[in-house]
Amino acid sequence: MNWDWEIVNDFMPSFWDGVLVTLQALVLGSLIAFGLGLVWAMAQRAPFAWVRWPVTALTEFVRNTPLLVQLFFLYYVVPEWGPSMSALTTGIIGLGLHYSTYTAEVYRAGIDGVPVGQWEAATALSLPRVRTWVAVILPQAIRRVVPALGNYVIAMLKDSPMIAVIGAMEMLGEAENFSNTTFTTEAYTIVGIAFLVIAYPASLLIRVLERRLALTS
Amino acid sequence: MMTEGMFDNYFLPGIWITIQVTLYSAVLAAVVAFTVGTLRTSRLWIVRFLAGTYFEIFRGMSSLVLMFWLVFSLPLLLEWRLVPMFAGVLALGLTYGAYGSEVVRGALAAVPEGQREAGVALSFTRWQRLRRIEIPQALPEMIPPFNNLLIELLKGTALVSVITVADMTYAGNLVRLGSNESAPIYTLLLVLYFALAFTLTRGMRVIERKANANVGRPQQRRGLLAKLSLRESANEGSGALTTGGAAK
């Protein structure tokens, strides 16, 4: 066994930097995923086939290909004809886009779960389309899918180290950098433990949330 | 010319490596899933507790961090070294096995109580009950979520490129460096992964039909519990390739 607490101590400052970047990527990525997922889900219920069809094809394609390759694509291919972005920005967009295809399914299930009577009532009251969505359907649909969305935030946390591969300095990136410059390996263990320490309470929280929302609805 | 050589020498073998990594880690994950999943239904609390701890640890772990740890930290802690491909397969198999154990546990719990009692009444041993009664009936419930996990696993195999296993993502990066052109190779990579995922889903559909026919269920009828535990994923019945649920 080779374990040196001195090295752990030395790693701590860059570790906390990494934690901040990870959390930043997670929060911004989640916001993109929640927003874009809703757009996909509503587009898939659009009255026009030329909207539904391409959106379904796009989300299926993004969901069934690896996030890592998508990150490479965003980082190396997109700047050839589009804007060049920093590694972290690319990573956040990649995470958000990838997980938006999952949250789209979550929203879809939530929207399908709203009783048909609610749609009919909105039609009977001749509510405009926008108000039907905003005031009737979405509040009921989103409420019941909050725990499922939370699960995908945890999944995104576990996929966030991938953005280190294109050079964003989140937890794993910091650990790799530190280990390569000091020829030590303790940093990887610390990061591994950090994931457990963040993910386990988060999953407990979601279980509580699940029970709460199930009781009141 | 040079890139053409790279394509033949690295990319085509890379496809084969990706398939191999998927296959090996799927087998390992299946073994782990069935072992841990059935242990979590054990009567002894200590067995349930240990299996549950395994599940919580590997569910909370990022497979990429686990791979790095197996390749860089473990050799120094234990003084033995893993071949990168073995480390990759191990990391993927252990994490996806943990997700799969939840599927197995849920499906076993959804088998009607009377079936188990009938097994007890016929004085089957615990093992005979599992093999002859519970698993065959739980299997059709497991296949759609297993399909989702298999697709997630296939996508996860791209990670092994980071620990220098020469899979197709690794080869794709080499080709990009060699040819200085990134658009064609990454587009091809994405299309290939999609094609593999599509093939796997088709294959799992066939297995699902077989498993259903095996217990005399010609039509798909899913238990209430399995449906709840899956929530948003494939069981809506409409989506051709709905995946997800790795978070669960």
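Here the structure is a predicted model, which is why all the values come from computation and not from measurement.

Undergrad: Explain the overall build of chain A to me, using residue names and the numbers behind them.
TA: Counting its regular elements, chain A contains eight helices and zero strands. In sequence order, the secondary structure elements of chain A are arranged as α-α-α-α-α-α-α-α. In terms of overall dimensions, chain A has C-alpha extents of about 70 × 50 × 25 Å along its principal axes. Here chain A holds 217 residues, and the buried ones make up 41% of them.

Undergrad: Any chance you could break down the overall build of chain B for me, citing the residues and the numbers?
TA: Helix and strand content of chain B: nine helices and zero strands. Ordered by position in the sequence, the α and β elements of chain B form the string α-α-α-α-α-α-α-α-α. Looking at the 248 residues of chain B, the share that counts as buried comes to 46%. Here the contacts in chain B between residues at least 6 apart in sequence split such that 78% fall between residues at least 24 apart.

Undergrad: So what's going on with the interface of chain B and chain A? Which residues, and what values?
TA: The parts lose accessible area when they come together, and the size of an interface is often stated as this lost area. Contact residues are listed per partner, giving 39 residues for chain B and 41 residues for chain A. Looking at the side of chain B that touches chain A, the elements that each hand over two or more residues are α2 (45-60), α3 (63-78), α6 (126-156), α7 (168-179) and α8 (183-214) of chain B. Sort the elements by how many residues they give to the side of chain B that touches chain A and α3 of chain B lands first, with nine residues. Of the residues belonging to the side of chain B that touches chain A, the class tally is 24 nonpolar, eight polar and seven charged.

Undergrad: Let's hear about the UniProt feature "transmembrane region" (unreviewed entry) in chain A: which residues, and what values?
TA: Residues and elements named next belong to chain A. Taking the numbering used here, the UniProt-annotated feature "transmembrane region" (unreviewed entry) corresponds to residues 20-41 and 187-209. With 100% helix and 0% strand, residues 20-41 has end C-alpha atoms that lie 31 Å from one another. A helix fraction of 100% and a strand fraction of 0% characterise residues 187-209, whose end C-alpha atoms lie 33 Å from each other.

Undergrad: Help me get a handle on the UniProt feature "domain: ABC transmembrane type-1" (unreviewed entry) in chain A, residues and values and all.
TA: Within this numbering scheme, the UniProt entry marks residues 15-206 of chain A as carrying the feature "domain: ABC transmembrane type-1" (unreviewed entry). Strand forms 0% of residues 15-206 of chain A and helix 82%; the C-alpha atoms that close the span are 26 Å apart.

Undergrad: Tell me about helix α5 (residues 113-121) of chain B, and please be specific about residues and values.
TA: The element α5 of chain B is largely exposed, with a buried count of zero among its nine residues. Downstream of α5 of chain B by one or two residues, Ser-123 of chain B has phi in the positive range, about 50°.

Undergrad: Which residues make up the environment of Gly-5 of chain B, and what are the values?
TA: Residues and elements named next belong to chain B. Within the secondary structure, Gly-5 is located in helix α1 (residues 2-39). You can call Gly-5 exposed: it has 10 C-beta atoms within 10 Å. Gly-5 sits 190 residues away from Ala-195 along the chain, and the two C-alpha atoms are 24 Å apart.

Undergrad: If you had to explain helix α3 (residues 67-81) of chain A to someone new, which residues and values would you point to?
TA: Over its 15 residues, α3 of chain A extends 21 Å from the first C-alpha to the last, a length consistent with the 21 Å expected when each residue adds 1.5 Å. Along its length, α3 of chain A shows its largest kink, about 30°, at Leu-74 of chain A. Looking at the buried positions of α3 of chain A, the neighbouring elements they touch are α4 (87-112) and α6 (129-159) of chain A together with α6, α7 and α8 of chain B.

Undergrad: So, the nonpolar core: which residues are in play, and what are the values?
TA: Considering soluble globular proteins, one finds that nonpolar side chains tend to be buried as a cluster. Core analysis: the largest hydrophobic core is formed by 111 residues, its most contacted members being Leu-68, Val-69 and Leu-71 of chain A together with Val-65, Met-67 and Phe-68 of chain B. Considering every element that reaches this core, the biggest residue donor is helix α4 (residues 84-109) of chain B, with 12 residues. Contact partners of Phe-68 of chain B, with chain neighbours within four places excluded, come to Leu-172 and Tyr-188 of chain A.

Undergrad: How would you sum up the packing of helix α2 (residues 49-63) of chain A against α4 of chain A? Please name residues and give values.
TA: All names here are of chain A. Look at α2 against α4: their axes get within 9 Å of each other, and the N-to-C directions meet at 115°. Crossing geometry of α2 relative to α4 is assigned as left-handed. Across from Thr-59, Val-62 and Arg-63 in α2, the residues of α4 making contact are Leu-97, His-98, Thr-101, Tyr-102 and Ala-104. Of the residues belonging to the contact of α2 with α4, the class tally is four nonpolar, three polar and one charged.

Undergrad: Describe the packing of helix α1 (residues 5-43) of chain A against helix α7 (residues 171-182) of chain A, with residues and values.
TA: Residue and element names in this part refer to chain A. Close contact between α1 and α7 brings their axes to 7 Å; oriented N to C, the two are set at 150°. One element, α1, and the other, α7, form an angle in the roughly antiparallel class. As α1 runs across α7, the sense of the crossing is right-handed. Residue-level inspection shows Ile-7, Phe-11, Ser-14, Phe-15, Asp-17, Gly-18, Val-19 and Thr-22 of α1 in contact with α7, the latter providing Met-171, Gly-173, Glu-174, Phe-178 and Thr-182. Along the lines of polarity and charge, the residues of the contact of α1 with α7 split into six nonpolar, five polar and two charged.

Undergrad: Run through the environment of Ala-30 of chain B, naming residues and quoting values.
TA: Residue and element names in this part refer to chain B. Here Ala-30 lies in helix α1. The class for Ala-30 is partly exposed, based on 18 C-beta atoms found within 10 Å. With 161 residues separating them in the primary sequence, Ala-30 and Val-191 have C-alpha atoms 27 Å apart.

Undergrad: Mind laying out the environment of Leu-90 of chain B, listing which residues take part and the relevant values?
TA: Here Leu-90 of chain B shows up in helix α4. Counting along the chain gives 61 residues from Leu-90 of chain B to Ala-29 of chain B, while the straight-line C-alpha distance between them is 8.9 Å.

Undergrad: Report on the confidence of the model for chain B, specifying residues and quantitative values.
TA: For chain B, per-residue confidence averages 84 on the pLDDT scale, and residues scoring 70 or more make up 86% of the total. Scored below 50 in pLDDT, residues 222-248 of chain B shows 63 contacts in the model against residues more than four places distant or in partner chains.

Undergrad: Break down the confidence of the model for chain A for me, citing the residues and quoting the values.
TA: Confidence in the prediction for chain A averages 92 pLDDT; 98% of positions are at 70 or higher. Least confident of the elements in chain A is helix α8 (residues 186-216) of chain A, whose mean pLDDT is 88; most confident is α4 of chain A, at 95.

Undergrad: Any details on unusual backbone geometry? Residues and values, ideally.
TA: Positive phi, close to 55°, is recorded for Phe-183 of chain A, a residue that is not glycine. Phi angles above zero are rare outside glycine, and Thr-164 of chain B is one such case at about 65°. On the basis of neighbour count, Thr-164 of chain B is assigned to the exposed category, with 12 C-beta atoms found within 10 Å.

Conventions used here
- Residues numbered from 1 in each chain as written.
- Chains lettered and ligands numbered in written order.
- Predicted model: local features only at pLDDT ≥ 70, side-chain atom pairs only at ≥ 80, totals over all residues.
- Helix = DSSP H or I, 4+ residues; strand = E, 2+ residues; numbered from the N terminus.
- Buried ≥ 20, exposed ≤ 12 C-beta atoms within 10 Å, placed from the backbone.
- Contact = placed C-beta atoms within 7 Å.
- Nonpolar A, V, L, I, M, F, W, Y, C, P; charged D, E, K, R; others polar.
- UniProt positions renumbered as here; feature names shortened; annotations may be inferred.
- Expected span 1.5 Å × (residues − 1).
- Bend = angle between axes of the 7 residues up to and from the residue.
- Core = buried A, V, L, I, M, F, W, Y, C linked by C-beta atoms within 7 Å.
- Axes fitted to C-alpha atoms, helices over the stretch in contact; angles between N-to-C directions.
- Left-handed = near helix turned anticlockwise from the far one by under 90°.
- Parallel < 35°, antiparallel > 145°, perpendicular 65-115°, else oblique.
- pLDDT = per-residue confidence, 0-100.

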